[in-house]
Amino acid sequence: GISARTMNNRLKRHGLQKRNRDFSKGQSAWLPTDKGREYSILTIEEHRGEDPTRYLHLKWSERVLELFGGSVAA
């Protein structure tokens, strides 16, 4: 029930991810920190359309919610 922007900021505040300073087409806008690697994985997604592009996408395990006390309201 929260936006992706809000969740990304919470993950950043908890030291789990950081902005990708070298962000460019095909790269993930966020990267896991050492602390966040235990709870995340970078996957390759493929955008289909006029300009098909493969890009990295940071996905989080549900286990990350343990760090928020079981909810994202932390």
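Right above here is the structure, for reference.
This structure is a prediction, so every number in the text was calculated from the model and none was measured.

Participant: What is the right way to read the pairing of strand β4 (residues 53-60) from this model?
Facilitator: Regular strands show a simple pattern: their side chains alternate between the two faces of the sheet. Across eight bridges, the pairing between strand β3 (residues 40-47) and β4 is antiparallel. Pairing of S40 across the sheet is with W60, part of β4. Connecting the antiparallel pair β3 and β4 is a turn made up of five residues.

Participant: Can you walk me through the pattern of salt bridges in this structure?
Facilitator: Think of it this way: side chains of opposite charge can pair up when their charged atoms draw near. One pass over the full model with this rule turns up three salt bridges. A salt bridge links R37 to D34, with the shortest nitrogen-to-oxygen separation between them at 2.2 Å. Where E38 meets R63, a salt bridge forms, and the shortest distance between an N and an O atom there is 3.8 Å. Taken as a pair, E38 in the loop between β2 (30-32) and β3 and R63 in the segment after β4 lie far apart in primary sequence, 25 residues in all.

What counts, and where the lines are drawn
- Residues numbered from 1 in each chain as written.
- Predicted model: local features only at pLDDT ≥ 70, side-chain atom pairs only at ≥ 80, totals over all residues.
- Heavy atoms only, no water.
- Pairing = 2+ DSSP bridges.
- Helix = DSSP H or I, 4+ residues; strand = E, 2+ residues; numbered from the N terminus.
- Salt bridge = Lys/Arg side-chain N within 4 Å of Asp/Glu carboxyl O.

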